[in-house]
Amino acid sequence: MKPSAHTNGSASLRGALGNRQMSMIAIGGVIGAGLFVGSGSAIHQAGPAVLVAYAAVGALAVLVMRMLAEMAVAQPETGSFSSYAGRELGPWAGLSVGWLYAYQWCITVGFEAIAGAAVAHHMLPAIPTWLAALVLMIALITVNFARVESFGTFEFWFAMIKVAAIIAFLLIGLAAVLGALPGTDAPGTTNLLGHGGFAPNGWLAVLQASLVVFFSYFGTEVVTIAAGEAKDPAQAVRRGINSVVWRILLFYIGSITVVVMLLPWNSTAVTDSPYVAVLGHLGVPFADTAMNFIVLTAVLSCLNSGIYSSSRMLHSLAERGEAPALFARTTRLGVPAAAVLAASSIGLLTVVANYFLPTTAVYQFLLDSSGAVAVVVYLCITVTHLRGRARLMRERPEALTVRMWAYPWLSLLVLAALLAIIAGMAANSGSRRSLLLTLLVTAVAAVAGLINQRARHAKTATEPAHSRTLV
């Protein structure tokens, strides 16, 4: 992708992220508070059958990311799937999914700030949660105001810490499951099938838990957003997306399997913090302090990724005339400063809300208002791929160096599965409110996109023919 140019004389986005940084951005982008903390909520809802939710949604995520990799390798862009949707489905689609994605990350920034503040307050009770959230927000906004290399460096080390923690947890947990850990007996299937069975709350509860799982998986696509500022974007996207399969198997399904095999699913400690509960049960010293540090690192990483991803999407939208032109302007360091502030706005408002409201109330509202946006974004990526693949096969077959498996059948299967999930959420009273809020936000974005598209077409139609030619 060529750097964008601006008529205001400011610098453009810089292609400065190296392959090592891009690899760790891809690995770490999906490991946030949603895994370390949010998984407790999913386990409480579905019991051990939460493994089915993680496996099913994980398989969908792998297939959707494969479709996205095909498009991104053929033409890496900062706007990623928003740019592709605008090209294949019409400007209205690019605008609506781009704004939805930016909104999702803005909400996630607030979500992670609250989660991180709760952890910081637990470690240092003298610090109120609103102050901790404010400090975290200011710190990561400052990082994103620096060169993009600063974002890449911070994300590299955040990801290293998270990956090392997950691997250590898996090794300790596997030893305990096999009965090889001194002082512990192999649990067998006692916790997996006891305490009400594998699906103690029924299979509808598994569908409801899928909402939390979708929220947890969101972030895998960050590497395709960052591709617009990579030194070797096509190679970075190819390597990053190809690692999705083992990341999901290892980090999510592997670690959740350890949790539900070692402890009863309905344990209060598991609901509150499953990883701390397991390590505490196994007698690991300083488990609470160590996991709090890891969770705080994961929160900082997600805050970093969230501000970055949302700001770059807003920048891309502005360059296409689908967001205020101010968001397209960059500083001499190549940072879209106004877009960074806009991306941080909901997080800063969350800090204010947390001052007046309980942390749990703010946390739940953020989860409800954005939980199904990931499903809508995945749906748009799938439809865009179905249209785009057919066009590329006709016009530029040589660009298809990465291909979706079993096209078009697997793509159509994913489309059917996503529509079934939306229908299931509508039928389930536990997830209906979140779905309705998401569909409302989606409808607003789609209407705004259609209005913008018609206005631009009307403007083009009234321009003199020679002006359109010069443009």
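For the structure, check the block above.
Here's a quick rundown of the structure. (Residues numbered from 1 in each chain as written. Predicted model: local features only at pLDDT ≥ 70, side-chain atom pairs only at ≥ 80, totals over all residues. Heavy atoms only, no water.)

**What to know about the overall build of the protein chain**
Stage number 1. If you tally the helices and strands in the protein chain, you get 22 helices and zero strands.
Stage number 2. Burial status across the protein chain gives 57% buried among its 471 residues.
Stage number 3. For the protein chain, the share of sequence-separated contacts (at least 6 apart) that also reach a separation of at least 24 residues comes to 81%.
Stage number 4. Summing over all exposed atoms, the protein chain offers an accessible surface of approximately 18,400 Å²; the carbon and sulfur share of this is 69%. (Helix = DSSP H or I, 4+ residues; strand = E, 2+ residues; numbered from the N terminus. Buried < 20%, exposed > 50% of the residue type's maximum accessible area, 1.4 Å probe, protein only. Contact = heavy atoms within 4.5 Å. Areas by Shrake-Rupley, 256 points an atom, 1.4 Å probe, with all protein chains shown as cover.)

**Some points on the side chain of Thr382**
Stage number 1. With respect to the secondary-structure elements, Thr382 resides in helix α19 (residues 373–395).
Stage number 2. Owing to a relative accessible area of 0%, Thr382 belongs among the buried residues under this scheme.
Stage number 3. Sequence-distant contacts of Thr382, defined by excluding residues within four places in its chain, comprise Val64, Met67, Ser411, Val414, Leu415 and Leu418.

**Focus: unusual backbone geometry**
Stage number 1. The amide bond that connects Tyr407 to the next residue, Pro408, takes the cis arrangement and shows omega of 0°.
Stage number 2. Relative to the helices and strands, Pro408 resides in the loop between α19 and α20 (409–427).
Stage number 3. Of note, the phi angle at His195 is positive, near 55°, even though the residue is not glycine.

**Digging into the packing of helix α4 (residues 50–74) against helix α5 (residues 80–88)**
Stage number 1. Axis separation between α4 and α5 bottoms out at 10 Å; the angle between their running directions is 80°. Looking at the two axes, α4 sits roughly perpendicular to α5. Judged by residue contacts, Leu68, Met71 and Ala72 of α4 engage Ser80, Phe81 and Tyr84 from α5.
Stage number 2. Its residues assigned to classes, the contact of α4 with α5 comprises five nonpolar, one polar and no charged. (Axes fitted to C-alpha atoms, helices over the stretch in contact; angles between N-to-C directions. Parallel < 35°, antiparallel > 145°, perpendicular 65-115°, else oblique. Nonpolar A, V, L, I, M, F, W, Y, C, P; charged D, E, K, R; others polar.)

**Digging into the pattern of salt bridges**
Stage number 1. Summed over all chains, the structure comprises seven salt bridges.
Stage number 2. A salt bridge links Glu229 to Arg312, with the shortest nitrogen-to-oxygen separation between them at 2.8 Å. Residue Glu229 is located in the loop between α11 (222–226) and α12 (233–242), and its partner Arg312 is located in helix α16 (residues 287–319); the two are separated by 83 residues in the primary sequence. Residues Glu229 and Arg312 agree in their burial class; the two are buried.
Stage number 3. Glu395 is the partner of Arg391 in a salt bridge, and the nearest nitrogen-oxygen pair spans 3.0 Å. Of this pair, Arg391 and Glu395 both sit in helix α19, four residues apart, which is roughly one turn of the helix.
Stage number 4. Taking relative accessible area as the criterion, Glu395 reaches 49% and is therefore assigned partly exposed. (Salt bridge = Lys/Arg side-chain N within 4 Å of Asp/Glu carboxyl O.)

**Focus: the environment of Ser301**
Stage number 1. When you line up the elements, Ser301 lands in helix α16.
Stage number 2. On the basis of relative accessible area, Ser301 is assigned to the buried category, the value being 1%.
Stage number 3. Linking Ser301 and Leu140, residues 161 residues apart in sequence, is a C-alpha distance of 9.0 Å.
Stage number 4. Side-chain polar atoms of Ser301 contact the side chain of Lys162, separated by 2.7 Å. (Polar contact = N/O pair within 3.5 Å; in protein donor to acceptor, adjacent residues only side chain to side chain.)

**Side note on helix α6 (residues 91–123)**
Stage number 1. In this model, α6 (33 residues) spans 48 Å end to end at C-alpha, consistent with the 48 Å of a helix rising 1.5 Å per residue.
Stage number 2. The buried fraction of α6 amounts to 25 of the 33 residues, a majority that puts the element mostly inside the structure. (Expected span 1.5 Å × (residues − 1).)

**A short note on α12**
Stage number 1. When we look at burial in α12, the residues that qualify are Pro233, Ala236, Val237, Gly240 and Ile241. Projected down its long axis, α12 carries its buried residues within an arc of 110°, all on one side. (Arc of directions from axis to C-beta.)

**Section: a nonpolar patch on the surface**
Stage number 1. A surface patch of nonpolar side chains, about 600 Å² in accessible area, is lined by Trp130, Leu131, Val135, Val352, Tyr355 and Phe356.
Stage number 2. With respect to the helices and strands, the residue Val352 is situated in helix α17 (residues 337–356).
Stage number 3. Overall, Val352 belongs to the partly exposed group, its relative accessible area being 46%. (Patch = residues over 30% accessible without salt bridge, like charges linked within 9 Å, V, L, I, M, F, W, Y side chains within 5 Å.)

**Section: the environment of Met313**
Stage number 1. With respect to the secondary-structure elements, Met313 resides in helix α16.
Stage number 2. Assessed through its relative accessible area of 0%, Met313 is described here as buried.
Stage number 3. In this structure the C-alpha to C-alpha distance between Met313 and Phe81, which are 232 residues apart in sequence, comes to 9.9 Å.
Stage number 4. If sequence neighbours within four positions are ignored, Met313 has contacts with Gly79, Phe81, Ser82, Gly98, Tyr101, Ala102 and Ile225.

**A few points about the packing of helix α7 (residues 129–145) against α16**
Stage number 1. Direction vectors running N to C along α7 and α16 enclose 50°, while the axes themselves pass 9 Å from each other. Relative to α16, the element α7 is oriented oblique. Handedness of the crossing formed by α7 with α16: right-handed. Two secondary-structure elements touch here, α7 through Leu136, Met137, Leu140, Ile141, Val143 and Asn144 and α16 through Leu296, Leu300, Leu303, Asn304, Ile307 and Tyr308. (Left-handed = near helix turned anticlockwise from the far one by under 90°.)

That is the geometry; function is a separate question.
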